[in-house]
Amino acid sequence: MTHEIAVIPGDGIGREVTPAAVEVLEAVPVSFGFVHGEAGDEVAKQRGDPLPEETRALAADADATLFGAVGETAADVVLPLRSIVDSFANVRPARAYPGLDALDPSTDLVFVRENTQGVYSGIESEITEGVQTLTRVITEEASRDIAEYGFRYAKRNGYENVTIAHKANVMRQTDGLFLETAREVGDERGVDYETALMDALAMHLVQRPQEYGVVICPNLAGDVLSDLAAGVVGGLGLLPSANVGADNGMFEPVHGSAPDIAGEGIANPAAMILSGAMLLDHLGYAEEADRVRAAVEDVLAEGPHTPDLGGNATTDDVTEAVLQRL
Ligand code: NAI
Ligand code: MG
């Protein structure tokens, strides 16, 4: 069986790390057909639309999408794509790797972020000049979906600690509903969990990350806390993510187009390659996914390292080393 994968490299380092992940996927014994699509700032400049219709169609029709990163058009590209692939959960693992400088070497976190609403619902308006408002949408249904996904993920993957992040003391109605619904799901399952105010949680994730496992979050909190966790484990070059729903999915690094290093060929491809491993998992190739992760881990432990990890290797050097180990 051949799986059709939509490949959307995007802008900046997206164009440098996406081919690395494709090469790695080509090296595992799974049959893939790759179809390429364009999106992002450059396409917007050329064609007036950052997400052309044919790219939307590619993502909608493919079995899964591999997405690099885009620049300033991120909200007009990433949000619609996540919705085109029908993903309600954004899964962002942040692990410490042997040989890298993490704040705590036993850190193993997974953010399970609500992917469709919250403050990213796109409902903003100008009340009058100088006054802008934003509508934060939280529904019981979406809160239940993400909580069920998070608790199921924790069980399947052997995480003992589940934390529900919220700010229900201030956003009483919206996060009140999120918290109440997520608690219900935990209680129905009869499992242990804790709840945490997201600001205090940010501090605790830095001070004692080893005490946390799966963190179930509303949309914005998940976005911010996962970048914070990237800092805890050694940088954005290490964090992959999966946008998953019922069936289809989109797999992308947490990082953006990194204009400060784009074009230099020194972006760390680990996050993108690990996103490819999450794609393999999603399609049911757990063993192949583990092999890719093991190869990346070996390279992270022994080098070569790109400059973000203190080395002077290029994207190609690291990709080649991963392919060698595979
Ligand atoms: P960023 O993730 O692009 O970069 C933040 C910092 O991390 C930079 O110093 C960058 O060099 C470094 N970095 C990120 N990935 C790296 C990698 N693989 N290897 C080595 N270093 C890496 O975030 P920033 O600077 O906030 O945003 C830059 C652009 O990216 C903006 O236009 C933003 O809108 C866009 N963006 C797009 C996203 C997406 O497409 N999903 C997500 C986040 C930002
Ligand atoms: Mg982000």
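Quantities reported herein were computed from a predicted structural model and do not represent experimental measurements.

Draft legend 1. Spotlight on the packing of helix H9 (residues 270-282) against helix H10 (residues 286-302). Interaxial distance between H9 and H10 falls to 7 Å at its minimum, and their mutual angle equals 165 degrees. Of the possible angle classes, the one that applies to H9 and H10 is roughly antiparallel. Between H9 and H10 the crossing geometry is left-handed. Between H9 and H10, the contacting residues are Ala270, Ile273, Leu274, Ala277, Met278, Leu280 and Asp281 on the first element and Ala286, Glu288, Ala289, Val292, Arg293, Val296 and Leu300 on the second. Its residues assigned to classes, the contact of H9 with H10 comprises 11 nonpolar, no polar and 3 charged.

Draft legend 2. Spatial organisation of the packing of aromatic side chains. Under the defined criterion, the tally for this structure stands at 5 aromatic pairs. On the basis of an interplanar angle of 40 degrees and a centroid distance of 5.6 Å, the ring pair of Phe32 and Phe34 is categorised as tilted. Like Phe32, the residue Phe34 is buried in the burial classification. Residues Phe151 and Tyr193 carry aromatic rings whose centres are separated by 5.9 Å and whose planes lie at 75 degrees to one another, so their mutual orientation is edge-to-face. One end of the pair, Phe151, is in helix H5 (residues 140-156); the other, Tyr193, is in the loop between helix H6 (174-189) and strand S9 (194-197), and 42 residues separate them in sequence. By relative accessible area, which is 4% here, Phe151 ends up buried. Feature note: the residues Phe88, Tyr149, Tyr153 and Tyr159 constitute an aromatic cluster, connected by ring pairs.

Draft legend 3. Representation of the site of ligand 1 in the model. In the region of ligand 1, 22 residues are neighbours, and Glu72, Gly256, Ala258, Asp260 and Asn268 sit closest. Contact between ligand 1 and Val70: an oxygen atom at 2.9 Å from a main-chain N or O atom of the residue. Within the side chain of Asp260, one N or O atom sits 2.7 Å away from an oxygen atom of ligand 1. Within the complex, 70% of the 800 Å² of free accessible area of ligand 1 lies under protein. For the shell around ligand 1, the secondary structure elements donating two or more residues are strand S3 (64-69) and helix H4 (74-84). A class-by-class count of the residues in the shell around ligand 1 yields 12 nonpolar, 6 polar and 4 charged.

Here is what the cut-offs are and how they apply
- Every chain's residues receive numbers from 1 upward, in the order its sequence appears when written.
- Lettering of chains starts at A and numbering of ligands starts at 1, both following the order in which they are written.
- Whole-chain, interface and lining totals are the exception, using all residues; otherwise, since this is a predicted model, local features are given only for residues with pLDDT of at least 70 and side-chain atom pairs are given and counted only at 80 or more.
- The side-chain figures draw on all heavy atoms in the structure; neither hydrogens nor water molecules are used.
- Axes, fitted as lines to C-alpha atoms, cover a helix only where it is in contact. Angles between the N-to-C directions of the axes lie from 0 to 180 degrees.
- Secondary structure elements are defined from DSSP: runs of H or I of at least 4 residues count as helices, runs of E of at least 2 residues count as strands, and each element is numbered from the N terminus.
- Under this scheme an angle from 65 to 115 degrees is roughly perpendicular, one under 35 degrees roughly parallel, and one over 145 degrees roughly antiparallel; angles in between are oblique.
- Less than a right angle of anticlockwise turn of the near helix away from the far helix marks a crossing as left-handed, whereas a clockwise turn marks it as right-handed.
- Note on definitions: a residue-residue contact is assigned when non-hydrogen atoms from the two residues lie within 4.5 Å.
- Note that Gly is not counted as nonpolar here; it falls among the polar residues with everything else outside the nonpolar set of Ala, Val, Leu, Ile, Met, Phe, Trp, Tyr, Cys and Pro and the charged set of Asp, Glu, Lys and Arg.
- Classification of ring pairs rests on two measures: the distance between centres of Phe, Tyr or Trp rings, Trp counted by its six-membered ring, which must be within 6.5 Å, and the angle between planes, read as stacked under 30 degrees, edge-to-face over 60 and tilted in between.
- We call a residue buried when its accessible area falls under 20% of the maximum for its residue type, exposed when it is over 50%, and partly exposed in between, using a 1.4 Å probe and counting protein chains only.
- To be near a molecule or strand, a residue needs just one of its heavy atoms within 4 Å of it.
- By the criterion applied in these results, polar contacts are pairs of N or O atoms within 3.5 Å in which, for protein atoms, one can donate a hydrogen and the other can accept it, and in which residues neighboring in sequence qualify only through two side-chain atoms.
- The protein chains shown are the only cover counted for residues, whose accessible areas, like all others here, come from Shrake-Rupley with a 1.4 Å probe.

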